[in-house]
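Chain by chain, the residues:
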Amino acid sequence: MSLPPLASGPEGPDALRPLLDVVLDALRTGTEARGGPLPAGGPAAVAARVRDAVGDVLPDEGDPTALHTLVRALAEGAADPAHPLCAAHLHCPPLAVATAADLAASALNPSLDSWDQAPAASALEALVTRALAREAGMADALVTTGGTESNHLALLLARERHGTGLRLVLGANAHHSLPRAAWLLGLPDPVVVPTPAGTLDPVALAQALTHLPGPLLVAATAGTTDAGLIDPLPAIAALCAAHGARLHIDAAYGGGLLFSDRHRDRLTGLDAAHTVTLDLHKLGWQPVAAGLLAVRDPHELGALHERADYLNADDDTDAGLPDLLGRSLRTTRRPDILKIAVTLRTLGRTGLATLVDQVCAHAHEFAATIRDHPAFDLYDTPTLSTVLFRPKDASDDAVAAIRRHLLTDGRAVLGRAHLDGRLWFKTTLLNPHTRPDDLAALLKLVEGNTPA
Ligand SMILES: Cc1ncc(COP(=O)(O)O)c(C=O)c1O
């Protein structure tokens, strides 16, 4: 049997080209077979179809049609964020150009743990991370697998600066990865400040900061997971400065506003943070993964310094080979920066701003439709692109059941959020191609499935 072709090298492009045709055809036919935003039938039916498609996972003899079969099965069974009725999560439809760039990253397979595995990719990463950090008013940024890893690294850098007695103070609206990181890093139990209005209240935070012994790390959120709200960053930054507390801002969702002249002001105060979580696989239209942790003081990254003779021997570093190992907790690391760099250059600030402005405008229009609708309650005017609503007078159990019914039928992917003591449908609008008619159809679908 001849050896299978490789993706890189002089013959790589010619080997890839016909395979790409296979992949694209499988994506098309799988998507057509699904028809809607996600597969019908629920978990058992999907698992059975996948089992049928896969057959023997490791057959004795290989099957050249496996690429088409499995890609088609994945597409048929996908929750497709490019479908306008797939609107639950911070799960964006990736841009075609970013996905194409990611193919090149897979083909070349640079690994960013040493210069001799990634000469150009490491130079590109240095340029792009610093430029993105500057957008957030920071000095440097590390590439991560997303908001969770960024939050984890932020707490790690804070602990290395202030010691293991550092206590995290965060709003009840903060992402679960923050208290989890405190647990993982062996920090004291976090203090959770209630957020009945959805955002961190400076008065309640001031009380906590006044009574708690230091050192303290406050985590604020710019774009909450449930409602897309932004904590009052300038007031929180002023309190942190007054009480000598360190500030981390989780802008995994809201960070995308930095690209928009219309919306950037909402992030005023971001540059007062010591660390900022950004995540371009949310409001940045990147394929997963595309996280960043931006840091104000680049010297703090010294805490991640690591020496491994096979990757960054002292004499290599002294001779001028860049030392990359300290730019992540990971060792082998893919060049997620390529798709980000291609996107920034292809769309420019204006193109990205158009996308951000578009999804925020969709959210406002959708909220206005719900507000005027006799059958629905709107949670609030959206801040970012999240809209929460519920059928008037429905019980929480009914809301949960409608959501699962639409999921199981494969007709809509709606999220859920508990706020103000009630359960709401959550739509996180991240698809710039969605039209007002699509959102009207979504409301009709929910209405048609709401028990009288
Ligand atoms: C505010 C916030 N921070 C962090 C995260 C975690 O990001 P990831 O899922 O990329 O790890 C999320 C995810 O939704 C989030 O909403």
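Residues numbered from 1 in each chain as written. Predicted model: local features only at pLDDT ≥ 70, side-chain atom pairs only at ≥ 80, totals over all residues.

Attention now goes to the site of the ligand. What surrounds the ligand is a group of 15 residues, the closest being G146, G147, T148, H175 and T225. Per-element tally for the shell around the ligand: the top contributor is helix α6 (residues 147-162), with three residues. Its residues placed into classes, the shell around the ligand shows three nonpolar, 10 polar and two charged. (Near = placed C-beta within 6 Å. Helix = DSSP H or I, 4+ residues; strand = E, 2+ residues; numbered from the N terminus. Nonpolar A, V, L, I, M, F, W, Y, C, P; charged D, E, K, R; others polar.)

Quick look at the pairing of strand β11 (residues 422-428) now. Where burial is concerned, most of β11 is hidden: five out of the seven residues are buried. Bridge count for strand β9 (residues 386-391) against β11 is four bridges, and the pairing is antiparallel. Across the sheet, the residue bridging to L388 is K426, located in β11. Direction of pairing for strand β10 (residues 415-419) relative to β11: antiparallel, over a ladder of five bridges. Note that in β11 the partner of L419 across the bridge is R422. (Buried ≥ 20, exposed ≤ 12 C-beta atoms within 10 Å, placed from the backbone. Pairing = 2+ DSSP bridges.)

One key point about sheets: their strands pair by backbone hydrogen bonds, in either a parallel or an antiparallel sense. In spatial order, the strands read β8-β9-β11-β10; together these four strands make up an open sheet with antiparallel pairing. Two strands close off the open sheet at either side, each with one partner strand: β8 (376-378) and β10. Put simply, the sheet's adjacent strands are angled 40 degrees from each other on average, direction ignored. Running over the sheet, helix α13 (residues 396-409) touches β9, β10 and β11 and is turned about 30 degrees from β11. (Axes fitted to C-alpha atoms, helices over the stretch in contact; angles between N-to-C directions. Contact = placed C-beta atoms within 7 Å.)

Here we come to α6. Here α6 contains 16 residues, and its C-alpha end-to-end distance of 22 Å stays within 8% of the 22 Å for a straight helix at 1.5 Å per residue. The buried fraction of α6 is high, at 12 of 16 residues. (Expected span 1.5 Å × (residues − 1).)

Below, the discussion takes up the domain arrangement of the protein. Domain assignment breaks the protein into domain 1 (12-78), domain 2 (99-346) and domain 3 (348-448). Once you take the C-alpha centre of each, domain 1 and domain 2 turn out to be 35 Å apart. (Domains from an automatic or database assignment.)

Next up on the list: the sheet that holds strand β5 (residues 246-250). The strand order β1-β7-β6-β5-β4-β2-β3 describes an open sheet built from seven strands, whose pairing is mixed. The open sheet has two free edges, formed respectively by β1 (140-144) and β3 (191-193), since each of these has just one partner strand. Taken over all neighbouring pairs, the strand axes of this sheet differ in orientation by 20 degrees on average, direction set aside. Pairing of β5 with strand β6 (residues 275-279), which is carried by three bridges, proceeds in the parallel orientation. The residue bridging I249 from the neighbouring strand is V276, located in β6. Against the sheet, helix α7 (residues 177-184) makes contact with β2 (167-171), β4 (216-221) and β5, and its axis sits at roughly 170 degrees relative to β2, the strand it touches most.

What follows is about helix α1 (residues 12-34). The end-to-end C-alpha distance of α1 is 32 Å, a good match for the 33 Å that 23 residues give at a rise of 1.5 Å each. Its axis deflected by about 25 degrees at P18, α1 carries its strongest bend there. G35 sits one or two residues past α1 and shows a positive phi near 80 degrees. (Bend = angle between axes of the 7 residues up to and from the residue.)

Moving on, we get to the environment of G302. The residue G302 is located in the loop between β7 (291-295) and α10 (309-312) in this model. For G302 and V359, which are 57 residues apart along the polypeptide, the C-alpha to C-alpha distance reads 38 Å.

Bringing the UniProt feature "modified residue: N6-(pyridoxal phosphate)lysine" (unreviewed entry) in the protein into the picture now. Taking the UniProt record as the reference, the feature "modified residue: N6-(pyridoxal phosphate)lysine" (unreviewed entry) is found at K282. Discounting residues that sit within four places of it in the chain, K282 has contacts with L90, C92, A252, Y253 and G256. (UniProt positions renumbered as here; feature names shortened; annotations may be inferred.)

A separate point is the environment of L325. Here L325 shows up in the loop between α11 (314-318) and α12 (337-372). Residue L325 is classed as buried on the basis of its 20 C-beta neighbours within 10 Å. Each C-alpha atom, one on L325 and one on F366, is 46 Å from the other, the two residues being 41 residues apart in sequence. Leave out the neighbours within four places in its chain, and L325 touches D113, E306, A308, L311 and N312.

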